[in-house]
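Single-letter residue listing:
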Amino acid sequence: DGARRGGGAGPRGGSFRQPYSEFGPGDGADAFDGKRVRKAVQRSTVDYHSPVIRYLETFVALRGLPTSRPFLQPDLSYYPEMLPPAAYPDCPANAVLTKLFRACSNKDRRPIYSLAWSPEGRCLITGASSGELTLWNGFTFKFVTILQAHESAVRCLQWNHDKTWLVAGDDAGLIKYWQSNMNQVASFEAHKEPVRQASFAPSNKKMATCSDDGTIKVWDFESLQLEATLQKHGSEVRTVAWHPRKALVASGSRDDMQPIKLWDPRAGTSLCTLHYHKKAVNDLKWNANGNWLLSASRDNQIKLFDIRAMKEIQTFRGHTRDVNVIAWHPVFETLFASGGADNTIAYWMTDFEKNVGIIESAHTSQVWALDWHPLGHILASGSNDRSNKFWTRSIPTSTGDDHTTVPPGTKEDSAYSQPLHSVHRDRWADQQQQL
């Protein structure tokens with residue numbers, strides 16, 4: 001009993017104390033205070049502060065000269081020299097993220113229908129079919145907190161252009177306003193059926209929502225007053241996108257006869273209809289330049305439109321089932337990602353017909369949501385397999401990624417079909433031969 005209490009005799013007759021006991025200074029389990037020493041677990045971290053500071057020192061200070069950035073070689077010692085994607089304006093392939101960094105899920109595993117990064121990129125907010133909003137750390141991707149925000153599935157999460165307000169829509173037709181500190185400010189019934197998407201006007205004073213009731217509604221953001229109801233689609237409206245600089249709204253529907261329509265939100269009238277998809281349109285996204293409109297459809301295709309000529313300029317084929325979601329890269333104008341019902345995530349560039357990178361079996365079920373980190377070095381995905389995953393760049397030492405597939409017909413030495421480290425490795429080899 002004395003030894004258990006730490007007061008036994010040592011090998012030379014002296015007293016000794018045990019280094020650790022799960023019991024306290026008392027006797028037996030009755031003295032256990034319920035606290036156990038947990039083993040420290042070191043988690044991998046994606047910290048962007050050091051690369052951004054180095055980018056500001058070595059690139060911006062030298063007025064953006066391409067030769068000012070450090071040259072990467074295929075060695076682990078060059079890993080700290082990797083800079084944010086903005087440092088490589090001549091190489092969009094740097095943002096083809098095919099390395100799975102971490103997969104996360106709640107204890108109550110539910111399908112993830114929507115997700116959005118916080119404005120500063122410090123956390124990811126996910127919306128589940130249970131109505132819960134979950135916050136994940138943007139560096140270690142650990143669980144932060146969970147909110148029972150809605151009573152039904154959260155279908156959309158959308159920040160305004162100033163990144164000061166977050167709008168969430170659910171299956172009950174409710175719209176809720178959230179501040180950046182996740183404080184709920186307002187709630188109102190926008191539709192009688194599920195709200196699919198929401199989009200803000202360039203001034204942030206107006207907001208458009210779409211629903212399974214076949215309508216698009218334009219709201220005054222501050223007063224919550226309905227200003228216009230747009231209803232020319234013959235079926236459910238799955239997506240809505242407000243032009244980044246003009247009073248122009250685009251909508252996509254399950255109506256095969258009128259899949260994409262353009263609207264004047266002030267007059268509440270339809271301007272034109274784009275008859276290019278054969279099946280329902282699931283997602284629409286305007287490019288930051290304001291000239292391109294990207295559409296994803298159930299006909300397994302992605303189409304790019306130039307609204308200046310009101311015509312299709314490119315078709316992207318590669319998905320084998322419905323394309324559910326698309327997302328433009330925040331830095332590179334010509335790069336975007338797509339996710340579909342074939343469980344894959346693909347990367348595309350407007351200069352190429354085939355994908356420049358693909359992650360086959362990215363999830364075990366269809367992909368519902370994609371969102372880029374504000375810096376463009378992480379892509380978050382949400383799926384029907386009840387998990388959200390974080391995808392990053394490969395390190396310079398790897399010769400390839402198990403998730404990367406070079407599309408057929410693409411040259412192996414193309415700068416757009418290889419990871420960045422492969423491009424640098426080839427350039428370094430050429431320089432060595434010249435020397």
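Residues numbered from 1 in each chain as written. Predicted model: local features only at pLDDT ≥ 70, side-chain atom pairs only at ≥ 80, totals over all residues. Heavy atoms only, no water.

Participant: Quick question: what am I supposed to make of unusual backbone geometry here?
Facilitator: What you tend to see is this: most non-glycine residues have negative phi, and most peptide bonds are trans. Even without glycine at this site, Asn-300 takes up a positive phi of about 70°. Here Asn-300 lies in the loop between strand S19 (292-297) and strand S20 (301-306). (Helix = DSSP H or I, 4+ residues; strand = E, 2+ residues; numbered from the N terminus.)

Participant: What is the right way to read the sheet that holds strand S24 (residues 345-349) from this model?
Facilitator: Strand pairing in a sheet takes place through backbone hydrogen bonds and is either antiparallel or parallel in direction. One open sheet accounts for 4 strands, arranged S22-S23-S24-S25; its pairing is antiparallel. Looking at which strands have only one partner, the edges of the open sheet turn out to be strand S22 (323-328) and strand S25 (357-359). Along the sheet, successive strands turn relative to each other by an average axial angle of 20°, direction set aside. As paired strands, S24 and S25 are joined by 3 bridges and run antiparallel to one another. Counterpart to Ile-345 in the pairing with S25 is Ile-359. (Pairing = 2+ DSSP bridges. Axes fitted to C-alpha atoms, helices over the stretch in contact; angles between N-to-C directions.)

Participant: Is there a simple way to think about the pairing of S20 in this case?
Facilitator: For a regular strand, the rule is simple: side chains alternate between the two faces of the sheet. Here S20 lies mainly inside the structure; 6 of its 6 residues are buried. On S20, burial covers both faces: Gln-301, Lys-303 and Phe-305 on one face and Ile-302, Leu-304 and Asp-306 on the other are all buried. Here 5 bridges tie S19 to S20, and the two strands are oriented antiparallel to one another. Bridged to Ser-295 within S20 is Lys-303. Linking S19 to S20, which pair antiparallel, is a turn of 3 residues; within it Asn-300 sits at a positive phi near 70°. (Buried < 20%, exposed > 50% of the residue type's maximum accessible area, 1.4 Å probe, protein only.)

Participant: Is there a simple way to think about the confidence of the model for the chain in this case?
Facilitator: Detail in the predicted coordinates should be disregarded across regions flagged by low pLDDT. In this model, the chain carries an average pLDDT of 83, and 78% of its residues clear a pLDDT of 70 or more. Mean pLDDT in the chain bottoms out at helix H2 (residues 420-434), which sits at 42, and peaks at S22, which reaches 98. Below a pLDDT of 50 lies the segment residues 1-29, which in the model reaches 28 contacts outside its immediate sequence neighbourhood of four places, other chains included. (pLDDT = per-residue confidence, 0-100. Contact = heavy atoms within 4.5 Å.)

Participant: Honestly, the packing of aromatic side chains in this entry has me stumped. Any pointers?
Facilitator: Any pair of aromatic rings gets described here by the distance separating the centres and the angle formed by the planes. Going through the model one piece at a time under the given rule, you end up with 18 aromatic pairs. Ring geometry for Phe-101 and Phe-141: centres 5.3 Å apart, planes at 70°, overall edge-to-face. Of this pair, Phe-101 sits in strand S1 (residues 99-104) while Phe-141 sits in the loop between strand S4 (132-137) and strand S5 (143-148), placing them 40 residues apart in sequence. With relative accessibility at 23%, the residue Phe-101 sits in the partly exposed group. When its relative accessible area of 1% is taken as the criterion, Phe-141 is described as buried. Seen in terms of ring centroids, Trp-136 and Phe-143 are 6.0 Å apart; in terms of plane orientation they differ by 80°. Their pairing is edge-to-face. On the basis of relative accessible area, Trp-136 is assigned to the buried category, the value being 4%. A cation sits over an aromatic face here: Lys-261 above Trp-263, 5.7 Å from the ring centre. (Phe/Tyr/Trp six-rings, centres within 6.5 Å; stacked < 30°, edge-to-face > 60°. Lys NZ or Arg CZ within 6 Å of the ring centre and 35° of its normal.)

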